[in-house]
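Here is what each chain is made of, one letter per residue.
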Amino acid sequence: MSDAARRAVLRTEKLSLHIGGVSIVEGVSLDVDDGEFLVIIGPNGAGKTTLFNLLSGVVYPTAGRVMLGERDITHEPPYARARLGLGRSFQTSTVFSELSTLENVRIAAQARLGGSAAIWRQADRGRAPLERAKNALALVGLAARSSDHAGALSHGEKRKLDLAMLLCGEPRLVLLDEPTAGMAVEDVPDMMELIARLHREHRNTVLMVEHRMDLILGLADRMAVMHHGALLAVDTPDRIIANETVQTAYLGDPL
Ligand SMILES: Nc1ncnc2c1ncn2[C@@H]1O[C@H](COP(=O)(O)OP(=O)(O)O)[C@@H](O)[C@H]1O
Ligand SMILES: [Mg+2]
């Protein structure tokens, strides 16, 4: 096994999804290294969300493999992947409006019981769901809203709640699909700082879809460019910006 393969926490091998003769994801081979911050960019319809669906088990590929560490998870359902430490946020909010903010996170924490994340997070072994829920809410800055109905939160706060629900599962790898989509401009820096801290202080490996270059630069260790379902380039941000193939793919939609 190569050094790269050994370091990868997540690896796809020629991952493809063809539906009715249409290629939606095409031969994607991507290594996400342990601890890295990798950002996926690409025009609308490039297949970024579909790739996340394949990684999290929402849909299954028509060809190729998904490896989480040494384990082939290609055919594992979403809950099994979550238990193995893969956490995923969605482009749209999934909270229960009529329940309190804390209850939403507690349900998510409970759903995660019996997982094997303890392999990775020894210190958290045996921690009660309620405690994990409170920790996650504090982490995203929503502790003061614990007893408020989730429906009363602003859109930006709901996105933070989504993140808390993801984090209380104590993932090793977090997949964030446009975490600032639809947010008020003034809420964006806060969210990005939170994501930066998750990576820096909490040592999560982060795989994030984000369009806005101003948000990515300074955060991303590497960037992957998707175009027509395929990976066009994977490289450091500097080299991606200078890459002519990438520039061409973005004609009319400049970086
Ligand atoms: N289940 C599906 N059936 C048919 N087409 C799909 C399905 N899922 C996604 N697509 C299509 O695949 C393409 C990629 O979509 P998506 O992954 O959402 O792109 P992105 O997130 O990069 O904007 C789009 O053209 C979309 O309409
Ligand atoms: Mg998308």
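Scroll up a little and you will see the structure.
To keep things clear, this report deals only with the structure shown in the data block. (Residues numbered from 1 in each chain as written. Chains lettered and ligands numbered in written order. Predicted model: local features only at pLDDT ≥ 70, side-chain atom pairs only at ≥ 80, totals over all residues. Heavy atoms only, no water.)

1. Some details on the site of ligand 1
Right, on to step 1. Within the structure, ligand 1 sits among Ile19, Ile24, Pro43, Asn44, Gly45, Ala46, Gly47, Lys48, Thr49 and Thr50.
Right, on to step 2. A distance of 3.2 Å is found between an oxygen atom of ligand 1 and a backbone nitrogen or oxygen belonging to Ala46.
Right, on to step 3. Residue Gly47 places a main-chain N or O atom 3.0 Å away from an oxygen atom belonging to ligand 1.
Right, on to step 4. In isolation ligand 1 offers 570 Å² of accessible surface; the protein chains occlude 54% of this area.
Right, on to step 5. Sorting elements by how many residues they give to the shell around ligand 1 places helix 2 (residues 48-56) first, with 3 residues.
Right, on to step 6. Looking at the shell around ligand 1 residue by residue, the classes come out as 4 nonpolar, 5 polar and 1 charged. (Near = heavy atom within 4 Å. Polar contact = N/O pair within 3.5 Å; in protein donor to acceptor, adjacent residues only side chain to side chain. Areas by Shrake-Rupley, 256 points an atom, 1.4 Å probe, with all protein chains shown as cover. Helix = DSSP H or I, 4+ residues; strand = E, 2+ residues; numbered from the N terminus. Nonpolar A, V, L, I, M, F, W, Y, C, P; charged D, E, K, R; others polar.)

2. Observations concerning the pairing of strand 7 (residues 173-177)
Right, on to step 1. Among the 5 residues of strand 7, 5 are classified as buried, and the element is accordingly described as predominantly covered.
Right, on to step 2. The side-chain alternation of strand 7 yields two buried faces, one formed by Leu173, Leu175 and Asp177 and the other by Val174 and Leu176.
Right, on to step 3. The pairing of strand 6 (residues 86-88) with strand 7 spans 3 bridges and is parallel. Its bridge partner being in strand 7, Gly87 is matched across the sheet by Val174.
Right, on to step 4. With 5 bridges joining them, strand 7 and strand 8 (residues 205-209) adopt parallel strand pairing. (Buried < 20%, exposed > 50% of the residue type's maximum accessible area, 1.4 Å probe, protein only. Pairing = 2+ DSSP bridges.)

3. A few points about the side chain of Arg88
Right, on to step 1. Tracing the backbone through its elements, the reader meets Arg88 in strand 6.
Right, on to step 2. Buried charged residue Arg88 carries no salt bridge. Nearest counter-charge: Asp177, at 4.1 Å.
Right, on to step 3. Of the polar contacts made by the side chain of Arg88, one reaches the side chain of Asn53; its length is 2.8 Å.
Right, on to step 4. In this structure, Arg88 is in contact with Thr49, Phe52, Asn53, Ser56, Val58, Leu166, Leu175 and Asp177, ignoring residues within four places of it in sequence. (Lys, Arg positive; Asp, Glu negative; His and termini not counted. Salt bridge = Lys/Arg side-chain N within 4 Å of Asp/Glu carboxyl O. Contact = heavy atoms within 4.5 Å.)

4. Digging into empty space enclosed by the protein
Right, on to step 1. One pass over the full model with this rule turns up 1 cavity of 30 Å³ or more.
Right, on to step 2. Of the volumes computed, that of the largest cavity is approximately 40 Å³.
Right, on to step 3. Around the largest cavity sit Ser89, Arg159, Asp162, Leu163, Leu176, Pro179 and Met191, which together line it.
Right, on to step 4. The element contributing the most residues to the lining of the largest cavity is helix 6 (residues 155-167), with 3 residues.
Right, on to step 5. Looking at the lining of the largest cavity residue by residue, the classes come out as 4 nonpolar, 1 polar and 2 charged. (1 Å grid on protein atoms, 1.4 Å probe; cavity = no way out; pocket = protein on both sides within 12 Å on 5 of 7 lines; lining within 4 Å. Points joined across faces, edges and corners; volume = space filled by probe spheres on them.)

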